[in-house]
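One letter stands for each residue in the lines below.
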Amino acid sequence: MALTGVLRPGHVQLRVLDMTASLRHYRDVLGLIETGRDAQGRVYFKAWDEHDHHSVVLREADTAGMDFMGFRVDSPATLERLAAQVKASGLASDIHWIEAGELLKTGQRLRFTVPTGHLIELFAEKEKVGNGMPYENPEVSPDDLKGMAPSRFDHCLLYGDDVDGTVKLFTEVLGFEMAEKVVAGPEKMLIAAFLTCSTKPHDIAFIRHAEKNKFHHASFMLDNWGEVLKAADIITKKRVSLDIGPTRHGITRGETIYFFDPSGNRNEVFSGGYIYYPDKPPLVWTDDELGRAIFYHDRKLNENFLSVLT
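A quick note: this is a predicted structure, and the numbers were derived from the prediction, not measured.

A. Up close: the packing of aromatic side chains. Per the stated rule, a full pass over the model turns up seven aromatic pairs. Aromatic pair Phe170 and Phe176: ring centres 4.9 Å apart, planes at 80°, arrangement edge-to-face. Here Phe170 falls in the buried class, since its relative accessible area comes to 0%. A relative accessible area of 2% places Phe176 in the buried class. Taken together, Phe71, Phe170, Phe176 and Phe206 form an aromatic cluster joined through their ring pairs. The lysine or arginine in question, Lys280, covers the ring of Tyr274, its NZ or CZ lying 4.6 Å from the ring centre.

This is the structure:
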């Protein structure tokens with residue numbers, strides 16, 4: 001499959017309350033690699049098998065949550081084309097360019113607000129720093145990995161009110177596909193959408209919620225179920241605040257565990273999931289089966305998992 005247009009999640013910027021504690025969490029517990037700091041005091045990280053300079057940016061602030069999420073597109077020409085399409089769609093607001101270099105080692109970015117209130121960015125250029133191994137005759141992993149050591153930043157789950165408008169923007173303008181959705185009631189109201197721009201079950205997901213611009217979690221990919229269980233051991237050893245898991249999702253079929261950083265931002269590490277292709281019909285879950293959809297093993301909803309947001 002030739003991926004064009006929007007390629008994948010590129011970065012997320014999170015607000016943290018205590019940078020020192022957050023550095024220990026994201027570096028030593030989660031196992032990301034620090035790649036830089038800027039004049040604003042932001043700290044940059046990447047997962048070990050990502051080649052771009054960074055995928056996670058931390059900014060110290062008075063409130064926790066997500067500032068923005070960015071997606072990489074395939075070329076500057078595609079960035080210009082999508083900028084025109086986003087503007088013409090009438091589905092986004094506060095559309096503007098951010099100059100190259102405002103994020104370290106990153107080209108110009110198009111930023112806009114989607115109907116759920118979240119800031120989304122598109123960019124085409126970011127410096128490649130590699131994954132710690134040569135491009136010729138590499139090993140399968142570097143030797144100096146720490147903590148859970150995910151291979152990549154995978155997706156975010158976001159909460160907001162106008163899910164319909166946001167889905168329309170992502171699918172009709174940005175070229176995403178609906179891999180799975182949750183509907184409620186006889187009118188089949190859309191209450192959750194799992195959207196992909198690749199062969200993954202989701203690259204971003206949205207849940208209908210009364211408030212705009214809420215952050216549920218940022219997720220990172222592990223190789224297998226055994227690595228998820230190892231992450232659970234690390235959570236206990238490091239006395240990290242556990243949310244739920246290890247368990248499995250019905251939606252996406254992913255094997256998962258959720259936990260919190262010191263500021264209360266939820267993290268996920270997961271493995272598995274199916275391969276998605278654009279000719280695959282979307283999977284539909286009904287609200288009466290939501291417990292099984294979210295937590296496949298115990299088939300029960302967890303109120304804190306649904307309602308604790310930043």
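B. Fine view of the sheet that holds strand 12 (residues 204–208). Within the open sheet, the nine strands sit side by side as 14-15-16-13-9-12-11-10-17. Their pairing is mixed. Of all the strands in the sheet, just strand 14 (241–248) and strand 17 (283–286) have a single pairing partner and so form its edges. Here the average twist between neighbouring strands, direction ignored, is 20°. In this structure, strand 15 (residues 254–260) lies alongside strand 16 (residues 266–272), joined through seven bridges in antiparallel fashion. Opposite Gly254, over in strand 16, you have Gly272 as the bridge partner. Contacting strand 9 (152–160), strand 10 (177–184), strand 11 (189–196) and strand 12, helix 3 (residues 163–173) crosses the sheet at an angle of about 30° to strand 11.

C. Geometry of the side chain of Lys126. Mapping Lys126 onto the fold places it in the loop between strand 8 (119–123) and strand 9. Among the polar contacts made by the side chain of Lys126, one reaches the main-chain carbonyl oxygen of Gly10 at a distance of 3.4 Å. Apart from residues no more than four positions distant in its own chain, Lys126 is found in contact with Gly10, His11, Asp52, His53, His54, Arg72, Lys105 and Thr106.

D. Fine view of the nonpolar core. Ranked by size, the top nonpolar core spans 62 residues in total, and within it Phe112, Leu122, Phe170, Leu174 and Ile204 carry the most contacts. Look past the residues within four positions of Leu122 in its chain and what remains in contact with it is Val6, Phe71, Val73, Leu79, Leu82, Gln108, Arg109, Leu110, Phe112 and Leu174. The next biggest cluster of nonpolar side chains, apart from the first, holds 19 residues, and it includes Ile207, Ile244, Tyr258 and Phe295.

Calculation criteria
- Residues numbered from 1 in each chain as written.
- Predicted model: local features only at pLDDT ≥ 70, side-chain atom pairs only at ≥ 80, totals over all residues.
- Heavy atoms only, no water.
- Phe/Tyr/Trp six-rings, centres within 6.5 Å; stacked < 30°, edge-to-face > 60°.
- Buried < 20%, exposed > 50% of the residue type's maximum accessible area, 1.4 Å probe, protein only.
- Lys NZ or Arg CZ within 6 Å of the ring centre and 35° of its normal.
- Pairing = 2+ DSSP bridges.
- Helix = DSSP H or I, 4+ residues; strand = E, 2+ residues; numbered from the N terminus.
- Axes fitted to C-alpha atoms, helices over the stretch in contact; angles between N-to-C directions.
- Contact = heavy atoms within 4.5 Å.
- Polar contact = N/O pair within 3.5 Å; in protein donor to acceptor, adjacent residues only side chain to side chain.
- Core = buried A, V, L, I, M, F, W, Y, C linked by side-chain atoms within 4.5 Å.

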